[in-house]
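What follows is each chain in one-letter form.
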Amino acid sequence: MPDVEITNLSKTFRDFFGRRRVQALDGLSLSLRGGEVFGLLGPNGSGKSTTFKIAVGLLRPSSGQVTINGHKPGSLAARRATGFLPEDSTLLPFLNAAETLRLHGALAGLDRATAAKKADELLERVDLKHAGKRRVKGFSKGMQRRLGIASVLIADPDVFILDEPTSGLDPLGAVLVKDLIADLRKQGKAILISSHLLGELENVCDRVAFLNKGKLLREGTLDELLREHDVHELRLSPPDPEAIKALAALAAEKGLKIMSSRAPMRTLEQFYIKILGKDES
Ligand SMILES: Nc1ncnc2c1ncn2[C@@H]1O[C@H](COP(=O)(O)OP(=O)(O)O)[C@@H](O)[C@H]1O
Ligand SMILES: [Mg+2]
């Protein structure tokens, strides 16, 4: 079973003269297992990308350690096991989308035929089939992001480390990426993702951690952190006025306070997906 263990991780960036400059991480510990999506949340500069870069061996920690399936970041075993999406896309502008995926497939050790077949499937999966022959140079930020994610998927790693995977995506693109992440979870992959936008991770993470100035503020399942235990919400359909009146009277009789009773509002996101989600080409 894949796993990521981050233990007491600290990172201080120093300047050219070796003076301490920024403490980006301060004693961060967390762990995740296969079949789990873990979200790192925090404002800009809170240390999310630094954590990820250490986890994939691009940066060395000042102290503490990360292991991927028990292996040190940067080791061959850890690199084989991990797929990394950096926060800034690093696609080659002169390749087209299909070539980009085939290149990543080849780098992951796939033979030509398999790489080509998987590239086609993934283009379909990230809704870029229509743009497979177009150069990446002309892609919008959202298209580049989706192609970036497909490039990570083609190697079929055990552990996914995705830095702000939904950044730059419109709501439908974000839903597509969240669906992909849900699929990976079902396949038993371990998935570590970050965002500085809180709502983005809400319905995709099993657990989240809040990071601020390199320190973990809180960690838990969404249920543990967000469930309100001192109120109860009841949704009725159809909203029969007589029945509602009777329920309100019963509540009053029991000495309960009705905090709200009204037709609920959809969120703008739900509305947007409803009007654009169906017949988009
Ligand atoms: N290579 C670097 N050199 C110096 N400081 C850095 C470097 N990379 C990140 N930092 C600093 O470390 C802190 C955390 O950055 P980062 O991990 O990128 O945050 P986040 O991804 O949460 O926005 C910030 O204050 C940032 O300026
Ligand atoms: Mg970042």
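The structure displayed is predicted, hence computed values, not measured ones. (Residues numbered from 1 in each chain as written. Chains lettered and ligands numbered in written order. Predicted model: local features only at pLDDT ≥ 70, side-chain atom pairs only at ≥ 80, totals over all residues.)

Topic: the packing of helix 3 (residues 97-107) against helix 4 (residues 112-125)
Then, number 1: Contact pair helix 3 / helix 4: the axes reach a minimum separation of 9 Å and the direction vectors enclose 130°. Classed by the angle they form, the pair helix 3 and helix 4 counts as oblique. At the point where helix 3 passes helix 4, the crossing takes the right-handed sense. Here A97, A98, L101, R102, G105 and A106 of helix 3 lie close against helix 4, whose contacting residues are A115, A116, K118, A119, L122 and L123.
Then, number 2: Classifying every residue of the contact of helix 3 with helix 4 by side-chain character gives 9 nonpolar, 1 polar and 2 charged. (Axes fitted to C-alpha atoms, helices over the stretch in contact; angles between N-to-C directions. Helix = DSSP H or I, 4+ residues; strand = E, 2+ residues; numbered from the N terminus. Parallel < 35°, antiparallel > 145°, perpendicular 65-115°, else oblique. Left-handed = near helix turned anticlockwise from the far one by under 90°. Contact = placed C-beta atoms within 7 Å. Nonpolar A, V, L, I, M, F, W, Y, C, P; charged D, E, K, R; others polar.)

Considering the nonpolar core
Then, number 1: Judged by nonpolar contacts, the single largest core of 59 residues is most densely connected at L123, A150, I191 and L192.
Then, number 2: With 6 residues, helix 5 (residues 141-153) is the single largest residue contributor to this core.
Then, number 3: If sequence neighbours within four positions are ignored, L192 has contacts with V4, L32, F38, L40, F160 and I161. (Core = buried A, V, L, I, M, F, W, Y, C linked by C-beta atoms within 7 Å. Buried ≥ 20, exposed ≤ 12 C-beta atoms within 10 Å, placed from the backbone.)

Things to note about the site of ligand 1
Then, number 1: Around ligand 1, the surrounding shell consists of F13, R21, V22, A24, G42, N44, G45, S46, G47, K48, S49 and T50.
Then, number 2: Among the residues forming the shell around ligand 1, the class breakdown is 3 nonpolar, 7 polar and 2 charged. (Near = placed C-beta within 6 Å.)

Topic: helix 9 (residues 241-253)
One turn of the α-helix equals 3.6 residues, which is why residues spaced by three or four share an orientation.
Then, number 1: Compared with an ideal rise of 1.5 Å per residue, which puts 13 residues at 18 Å, helix 9 spans 18 Å between its outermost C-alpha atoms and is within 8% of the ideal.
Then, number 2: Burial runs low along helix 9: only 0 of the 13 residues are buried. (Expected span 1.5 Å × (residues − 1).)

Re the environment of A209
Then, number 1: Its place among the elements puts A209 in strand 8 (residues 207-212).
Then, number 2: Residue class for A209 comes out buried when judged on the 25 C-beta atoms lying within 10 Å of it.
Then, number 3: Separated by 178 residues in the primary sequence, A209 and S31 place their C-alpha atoms 11 Å from one another.
Then, number 4: Apart from residues lying up to four places away in sequence, A209 is in contact with L30, L40, L41, L216 and E219.

Considering the domain arrangement of the protein chain
Then, number 1: When cut into domains, the protein chain gives domain 1 (3-226) and domain 2 (241-276).
Then, number 2: When each unit is reduced to the centre of its C-alpha atoms, the spacing between domain 1 and domain 2 is 39 Å. (Domains from an automatic or database assignment.)

Examining the sheet that holds strand 1 (residues 3-14)
Then, number 1: Pairing is antiparallel in the open sheet, where 3 strands are placed in the order 2-1-4. A single partner strand is all that each edge strand has here, and the edge strands are strand 2 (20-33) and strand 4 (63-68). Taking the axes of each pair of neighbouring strands and ignoring which way they run, one obtains an average angle of 20° across the sheet.
Then, number 2: One ladder, built from 5 bridges, connects strand 1 with strand 4; its direction is antiparallel. Its bridge partner being in strand 4, T7 is matched across the sheet by Q65.
Then, number 3: Relative to the sheet, helix 1 (residues 48-55) contacts strand 1, strand 2 and strand 4, its axis offset from that of strand 1 by approximately 115°. (Pairing = 2+ DSSP bridges.)

Structural notes on the pairing of strand 2
Then, number 1: Bridge analysis of strand 1 against strand 2 gives 9 bridges, and the strand direction is antiparallel. When the bridges of strand 2 are listed, F13 appears paired with V22.

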